[in-house]
Amino acid sequence: ADEARRPALVDTLQRAVVRRRRVRLDYAGPGRGPSTRVVDPWGLVDKGDHWYLVAGTEAGQRTFRLDRVLRAEVTDLPAERPADFALADAWERVVDEVERIRGGVSATVLVPARYVDIVRDHFGRHCVVEGRVADDGPAGRVRVRVSADHALSIAEQLAGWGGRVEVVEPEAVRALL
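### Considerations on the packing of aromatic side chains
Working step 1: If you walk through the whole model with that rule in mind, you get four aromatic pairs.
Working step 2: Seen in terms of ring centroids, Tyr27 and Phe64 are 5.0 Å apart; in terms of plane orientation they differ by 85 degrees. Their pairing is edge-to-face. Remark: Phe64 occurs in strand β4 (residues 60–65) and Tyr27 occurs in strand β1 (residues 21–28); sequence separation between them is 37 residues. Summarising the burial analysis for this pair, Tyr27 and Phe64 share the class buried.
Working step 3: When the centroid spacing of 5.4 Å and the interplanar angle of 65 degrees are considered together, the rings of Tyr115 and Trp161 count as edge-to-face. You can see Tyr115 sitting in the loop between β6 (105–112) and α3 (116–123) and its partner Trp161 sitting in the loop between α4 (151–159) and β9 (166–169), a full 46 residues away along the chain.
Working step 4: Judged by its relative accessible area of 14%, Trp161 falls in the buried class.

### Quick notes on unusual backbone geometry
Glycine aside, the phi torsion of most residues is negative, and most peptide linkages are trans.
Working step 1: Cis geometry marks the peptide bond from Glu169 to Pro170, where omega comes out at 10 degrees.
Working step 2: Structurally, the position occupied by Pro170 is in the loop between β9 and α5 (171–176).
Working step 3: Phi is positive for Arg20, which is not a glycine, with a value near 55 degrees.
Working step 4: For Arg20, a relative accessible area of 39% puts it in the partly exposed group.

### Quick look at the nonpolar core
Working step 1: Ranked by internal contacts, the top residues of the largest apolar core, which has 20 residues, are Val109, Val111, Val119 and Val146.
Working step 2: Where this core is concerned, the elements lending two or more residues are β6, α3, β8 (141–148) and α4.
Working step 3: Ignoring anything within four residues of it in the chain, the contact list for Val146 reads Val105, Ser106, Ala107, Val109, Val119, Phe123, His126, Cys127 and Ile154.
Working step 4: Ranked by size, the runner-up nonpolar core spans 15 residues in total, among them Leu9, Val23, Ala55 and Phe64.

So, how was this worked out
- Throughout, a residue's number is its position along its own chain's written sequence, starting from 1.
- In keeping with the model being predicted, local features are shown solely for residues with a pLDDT of at least 70 and side-chain atom pairs are shown and tallied solely at 80 or more, while totals for entire chains, interfaces and linings include all residues.
- Values shown for side chains rest on all heavy atoms present in the structure; no hydrogens or waters enter the calculation.
- In this scheme Phe, Tyr and Trp rings, the latter by its six-membered ring, pair at centre separations within 6.5 Å, and the angle between planes marks the pair as stacked below 30 degrees, edge-to-face above 60, and tilted otherwise.
- Runs of E in the DSSP output that reach at least two residues are strands. Runs of H or I that reach at least four are helices, and both are numbered from the N terminus.
- Only protein chains enter the calculation, and the probe is 1.4 Å; a residue is then buried if its accessible area is under 20% of its type maximum, exposed if over 50%, and partly exposed in between.
- As used here, the term nonpolar core means buried Ala, Val, Leu, Ile, Met, Phe, Trp, Tyr and Cys residues forming a set that is joined through side-chain atoms within 4.5 Å.
- Any two residues having at least one pair of non-hydrogen atoms within 4.5 Å are treated as being in contact.

Here is the structure:
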């Protein structure tokens, strides 16, 4: 990780993870006032421009963005970690859940077969190929479902394709294009 942007808090929390010690966090979640929580630190993840702590709480596994941690104090209390815990698997579930929440609107789009891989690369996990359009000629088109947080987001991402793609539904995306 880039040391210039690595928060000093990472080293403190990393020691707590390795030593299996509970941490008292003063945390300000998005749109909420600060709260104090005692957590069992399970692992740290550097994703994009942010660091995250994956931890056990009374309410189960939670993820805390380090730039929202106001204060962290490592306690002498032993932390518990599930015997079968794997950080990579836990993080994948976190990403899947965030993506599911963000992908609130979907659109069915007809795309020339030769462009399907490009559309899939562009939308990532927000793209599901549903299959070829029957009786659509030798080059053929493919029915693809794409999703984003808003209809406008889908329209913005498809606008550059012009007449190469056809939005079947919803009407909200069609109207924006």
